[in-house]
Amino acid sequence: MNVLVIGSGAREHALCRSLSLDPAVTALHCAPGNAGIAEVAELHPVDALDGAAVTALAVELGAELVVVGPEAPLVAGVADAVREAGIPVFGPSGEAAQLEGSKAFAKDVMAGAGVPTARSYVCTTPEEAAAALDAFGAPYVVKDDGLAAGKGVVVTDDLDAAKAHAAACERVVIEEFLDGPEVSLFAITDGVTVVPLQPAQDFKRALDGDEGPNTGGMGAYSPLPWADPKLVDEVLETVLQPTVDELRRRGTPFSGLLYAGLAITSRGVRVIEFNARFGDPETQVVLARLKTPLAGVLKAAATGSLDTLEPLRWSDDAAVTVVIASHNYPGTPRTGDPITGLDAVAAEDAPHAYVLHAGTRRDGDAVVSAGGRVLSVTATGAQLTEARERAYRAVARLGLDGSQHRTDIAAKAAAGG
């Protein structure tokens, strides 16, 4: 199979790594990719938001499957353009991707599907926002209705900060705060059949102890030793399948990756948000544990044949990812700093630990930082404790001036907390 992956982050590196290990994949391309992806796939320059350009590239390469990684191209309808050219594509239509592109649309779908979620108000004026904040009280949860690269949500006890975030957005969703731990659960779907993956937990705050500003994610781990063994079946039955069925009923079938961000509250499972693509950094740990070759699974979703697929096979090992971010992230990051130690990790820590590139590029012989989140150091082990130790041992070998990372990824779960 000749596969083209669209995107340039650690999620796409994780996808390319898994696809490169699949014996069925005979040619692997990525556009535009990054310095790490270049080691496993042939890179091509393309504007990922330009459906015509992506389609032309797929045709030129003779791609038999296109995998669209990031949310912005999906919302822009890139998958539609590729599909219209008759090429199987893993990723929802622009209309179905509104499940992530608009929080208000997602709330409407959940209401129609009877999916449990937080009570909420959609606000477009300061007066509406003030009334909604007053109705729910602190902690305040204020979400930009549109795409914000995982950073459009403010959760705060400070009413002025909540109002300021609301005022900065054209349209906001203000909702009740959900207590309890959060879980990310991905499902692969062809619009009818829904195949859940293994759950993961990510760490959104920039600093240890869940302090600091919200980020796109600073680390993740899987499995979740503290979670109810029936959690995946329950979420499939009450959240994932009803959502896919509702979208199909509306005439906007969703095929691709449906990501449910969940809160395990005192009153049961509640949906915090949906995403229309693999999450970053959870993808890094989930794919590290998937034993079933990836290409066939994605192709089955793209061609409407998931019901013929054998059950997915999973490793019993645990996986941990630690994100190394650049100076000042999640503010305007500093870029162009050289990264050292990549060869040392490859020599000393493989195959149990490896580095997935996010914001990197080649500068002559050097690899330099080119974004906010720069690297995802991923490791596996028999238990979370071993996976953590291996991940942080690899992190210690890497050098990036001014960089930051959390030191407590999966620490509580590994300690049995």
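Each chain has its residues counted from 1, following the order in which its sequence is written. Since the coordinates come from a predicted model, pLDDT governs what is reported: local features require at least 70, and pairs of side-chain atoms require 80 or more to be given and counted, while whole-chain, interface and lining totals use all residues. In computing side-chain properties, one takes all heavy atoms of the structure into account and sets aside hydrogens as well as water.

## Some points on the overall build of the protein
Point 1. Helix and strand assignments follow DSSP, with helices taken as H or I runs no shorter than four residues and strands as E runs no shorter than two, numbered in order from the N terminus. Of regular secondary structure, the protein possesses 14 helices and 24 strands.
Point 2. Relative to the globule expectation of 22 Å for 417 residues, the C-alpha radius of gyration of the protein, 20 Å, shows essentially globular dimensions.
Point 3. For the C-alpha atoms alone, the extent of the protein along its principal axes is close to 55 × 45 × 40 Å.
Point 4. Burial analysis of the protein (417 residues in total) assigns 56% to the buried set.
Point 5. Contacts are assigned to residue pairs with any non-hydrogen atoms lying within 4.5 Å of each other. Excluding contacts between residues fewer than 6 apart, the proportion of contacts in the protein whose partners are at least 24 apart in sequence is 68%.
Point 6. Taken as a whole, the protein presents about 16300 Å² of accessible surface, with 50% of it coming from carbon and sulfur. The atom set for the radius of gyration is the C-alpha atoms, and the globule formula is 2.2 Å times the number of residues raised to the power 0.38. Residue exposure (1.4 Å probe, protein chains only): buried if accessible area is under 20% of the type maximum, exposed if over 50%, otherwise partly exposed. All accessible-area figures derive from a Shrake-Rupley calculation using a 1.4 Å probe, and residue coverage is judged against the displayed protein chains alone.

## Quick look at the sheet that holds strand S11 (residues 194-196)
Point 1. When DSSP finds two or more bridges between two strands, those strands count as paired. Strand order in the open sheet formed by 4 strands is S11-S10-S16-S17, with antiparallel pairing between adjacent strands. Each of the sheet's edge strands pairs with one partner strand only, and the pair in question is S11 and strand S17 (268-275). Direction aside, neighbouring strands of the sheet carry axes that sit 35° apart on average. Angles run from 0 to 180 degrees between N-to-C directions of axes, and those axes are lines fitted to C-alpha atoms, restricted for helices to the stretch in contact.

## A short note on unusual backbone geometry
Point 1. In the segment running from Ser-222 into Pro-223, the intervening peptide bond is cis, with an omega of 0°.
Point 2. Note that the residue after Asp-280, namely Pro-281, is joined by a cis bond; omega there is 25°.
Point 3. As for its position among the elements, Pro-281 is in the loop between S17 and helix H10 (282-289).
Point 4. Located in the positive-phi region is Asp-210, a residue other than glycine, with phi close to 55°.
Point 5. Position of Asp-210 among the secondary structure elements: in the loop between strand S13 (205-207) and strand S14 (211-214).
Point 6. Unusually for a residue other than glycine, Ala-410 sits at a positive phi of about 65°.
Point 7. Residue position: Ala-410 is located in the loop between strand S24 (399-400) and helix H14 (411-414).

## Quick word on the packing of helix H6 (residues 103-113) against helix H9 (residues 231-249)
Point 1. Relative to each other, H6 and H9 sit at 100°, their axes nearing to 9 Å. By the angle between their axes, H6 is roughly perpendicular relative to H9. Contacts between H6 and H9 involve Phe-105, Val-109, Gly-112 and Ala-113 from the first element and Pro-242, Thr-243, Glu-246 and Leu-247 from the second.
Point 2. Throughout, the ten residues Ala, Val, Leu, Ile, Met, Phe, Trp, Tyr, Cys and Pro are labelled nonpolar, Asp, Glu, Lys and Arg are labelled charged, and all others, Gly among them, are labelled polar. Per-class residue counts for the contact of H6 with H9 are 5 nonpolar, 2 polar and 1 charged. In this scheme, roughly parallel covers angles under 35 degrees and roughly antiparallel covers those over 145, while 65 to 115 is roughly perpendicular and the rest are oblique.

## Some points on the pattern of salt bridges
Point 1. A side-chain nitrogen of Lys or Arg and a carboxyl oxygen of Asp or Glu constitute a salt bridge if their distance falls within 4 Å. One pass over the full model with this rule turns up 20 salt bridges.
Point 2. The salt bridge partner of Glu-100 is Arg-277, with a shortest N-O separation of 2.7 Å. Taken as a pair, Glu-100 in helix H5 (residues 98-101) and Arg-277 in the loop between S17 and H10 lie far apart in primary sequence, 177 residues in all.
Point 3. Looking at Glu-100, the relative accessible area reads 6%, which means it is buried.
Point 4. For Arg-277, a relative accessible area of 9% puts it in the buried group.
Point 5. The salt bridge involving Arg-249 is made with Glu-246; its shortest N-O contact spans 2.8 Å.

## Some words on helix H7 (residues 126-136)
Point 1. Burial in H7 covers these residues: Ala-129, Ala-132, Leu-133 and Phe-136. End-on view of H7: buried residues confined to an arc of 100°, all on one side of the axis. Facing away from the buried surface of H7 by more than 90 degrees, the exposed residues are Glu-127, Asp-134 and Ala-135.
Point 2. Looking at the buried residues of H7, the elements they touch are strand S6 (120-123), strand S7 (140-144), helix H8 (159-168) and strand S9 (172-175).
Point 3. Within two residues after H7, Gly-137 carries a phi angle of roughly 75°, on the positive side. The arc in question is traced by the directions running from the helix axis to the C-beta atoms.

## Overview of the pairing of strand S16 (residues 256-265)
Point 1. Within S16, 9 of the 10 residues are buried, which leaves the element mostly enclosed by the surrounding structure.
Point 2. Of the strand pairs in this sheet, strand S10 (residues 182-189) and S16 are connected by 8 bridges, and their pairing is antiparallel. Within S16, the position partnered with Glu-182 by the bridge is Ala-263.
Point 3. Sheet topology note: the S16/S17 ladder contains 7 bridges and is antiparallel. Bridging from a neighbouring strand, Ala-260 pairs with Phe-274 of S17.
Point 4. If you look at the hairpin formed by S16 and S17, you'll find 2 residues sitting between the two strands.

## Here's the deal with the environment of Val-374
Point 1. As for its position among the elements, Val-374 is in strand S23 (residues 373-381).
Point 2. Considering only alpha carbons, one finds Val-374 and Leu-356, 18 residues apart in sequence, at a separation of 8.9 Å.
Point 3. Contacts of Val-374, omitting those with residues within four sequence positions, involve Ile-324, Ala-325, Ser-326, Ile-339, His-357, Ala-358, Gly-359, Thr-360, Ser-369 and Leu-400.

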